[in-house]
Amino acid sequence: MSRSTGLKPILTLSLFAGLLALGACESPGGNASLETGDQKASYGIGLQMGGQLAPAETHIDLEAFVAGIRDGMAGNDPAVSQEELQMALEALNATIQEEMVAEAEKVAAEGEAFLAENANKEGVTVTESGLQYEVLREGEGPMLAAGDRALLHYRGTLLDGTEFDGSYDGDPVEFDVSGMIPGFSEGMQLMQPGGHYRLFIPSDLAYGPNGTGGVIGPNATLIFEVEILEIVQ
């Protein structure tokens, strides 16, 4: 939830070529043994590659994928010509990028529609930046400032209710007010110790067109429940 974010992995020709040439492993299924160091390392490779391949999930034929891995590891001649492979990989790469752009545009439109409707709800206030907030409980004492550090509980969700982060299942956490994404930082500075707010953060005040490369995709509008416990001296 800090300001810095990574770029969402994008499938490139070099990634596919690397998978075929290096023989990266598929993630083991439920029956796989994960006792030895080699088995655990193999699982880790599969887990990493699976995450990178997630945008192409609906396009990957697992049998063909595993066949390519086996041929690559064995040093066999490719079953398909290099020219055909290149054309197929270029076409798939273009398709994946088009799908990612379409999904990002869809998420952006859904976020804009949600915020437009939410802004008219009773109890919701909209700031000049576009941040929306709802006061669940007012606090007391000094307002938080950019240089403060606060002890708090929080919960972050997507518009569909998917929880991507939070502290309510454990101990409260400390955050630097100025070290957070812009919308969260602005929201904290509206609060006092004891305050409990709900923040509705537009994408441009969150992770923007890059997302985080994980659950938070490009252009995602975020909802945070924030409860300030105290200002840390």
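Fair warning: this is a prediction, and the values are worked out from it, not measured in the lab. (Residues numbered from 1 in each chain as written. Predicted model: local features only at pLDDT ≥ 70, side-chain atom pairs only at ≥ 80, totals over all residues. Heavy atoms only, no water.)

Thoughts on the overall build of the protein
Broken down by element type, the protein carries five helices and seven strands. The secondary structure elements of the protein, listed N-terminal to C-terminal, are α-α-α-α-β-β-β-β-β-α-β-β. Within the span of the protein, comprising 233 residues, buried residues form 34% of the whole. Carbon together with sulfur atoms contributes 51% to the accessible area of the protein, which is approximately 13200 Å² in total. (Helix = DSSP H or I, 4+ residues; strand = E, 2+ residues; numbered from the N terminus. Buried < 20%, exposed > 50% of the residue type's maximum accessible area, 1.4 Å probe, protein only. Areas by Shrake-Rupley, 256 points an atom, 1.4 Å probe, with all protein chains shown as cover.)

Brief notes about the packing of aromatic side chains
By the definition in use, this model includes eight aromatic pairs. Consider the rings of tyrosine 154 and phenylalanine 224, whose centres lie 6.5 Å apart with planes at 40°: the pair is tilted. Of this pair, tyrosine 154 sits in strand 3 (residues 149–157) while phenylalanine 224 sits in strand 7 (residues 222–232); the two residues are 70 residues apart in sequence, bridging distant segments of the chain. Phenylalanine 224 gets classed as buried once you look at its relative accessible area, which sits at 0%. Following the ring pairs from residue to residue traces out a cluster consisting of Tyr154, Phe164, Phe175, Phe184 and Phe224. (Phe/Tyr/Trp six-rings, centres within 6.5 Å; stacked < 30°, edge-to-face > 60°.)

A look at the pattern of salt bridges
Enumeration according to the criterion identifies six salt bridges in this entry. Linking arginine 198 and glutamate 134 is a salt bridge whose minimum nitrogen-to-oxygen distance equals 3.1 Å. Taken as a pair, arginine 198 in strand 6 (residues 196–201) and glutamate 134 in strand 2 (residues 132–137) lie far apart in primary sequence, 64 residues in all. For arginine 198, a relative accessible area of 24% corresponds to the partly exposed category. Relative accessible area serves as the criterion here: at 22%, glutamate 134 is assigned to the partly exposed category. For glutamate 163, the salt bridge is made with arginine 155, and the minimal N-O distance between the two is 3.6 Å. According to the relative accessible area criterion, glutamate 163 is partly exposed, its value standing at 45%. Each of Arg149, Glu174 and Asp176 takes part in a single network of salt bridges with overlapping partners. (Salt bridge = Lys/Arg side-chain N within 4 Å of Asp/Glu carboxyl O.)

Structural notes on the environment of tyrosine 207
For tyrosine 207, the location among the structural elements is in the loop between strand 6 and strand 7. Along the backbone, tyrosine 207 and alanine 220 are 13 residues apart, and their C-alpha atoms lie at a distance of 7.4 Å.

Comments concerning the confidence of the model for the protein
Residues of the protein with pLDDT of at least 70 account for 87%, and the chain-wide mean is 87. Considering only residues more than four positions removed or in separate chains, one finds that residues 3–28, a stretch of pLDDT under 50, has 66 contacts. (pLDDT = per-residue confidence, 0-100. Contact = heavy atoms within 4.5 Å.)

A look at the environment of glycine 123
Assignment of secondary structure puts glycine 123 in the loop between helix 4 (82–118) and strand 1 (124–126). For glycine 123, a relative accessible area of 49% puts it in the partly exposed group. Placed 10 residues apart in sequence, glycine 123 and tyrosine 133 show a C-alpha to C-alpha distance of 8.3 Å.

Considering the nonpolar core
Buried together is how nonpolar side chains tend to be arranged in soluble globular proteins. Grouped together as the largest cluster of nonpolar side chains are 28 residues, with contacts concentrated most on Phe184, Met188, Ile201, Leu222 and Phe224. When contributions to this core are tallied by element, the ones reaching two or more residues are strand 3, helix 5 (182–188), strand 6 and strand 7. Among the elements that make up this core, the one with the highest residue count is strand 7 (five residues). Excluding residues that lie within four positions of it along the chain, isoleucine 201 makes contacts with Leu131, Ile181, Gly183, Phe184, Ala206, Thr221, Leu222 and Phe224. (Core = buried A, V, L, I, M, F, W, Y, C linked by side-chain atoms within 4.5 Å.)

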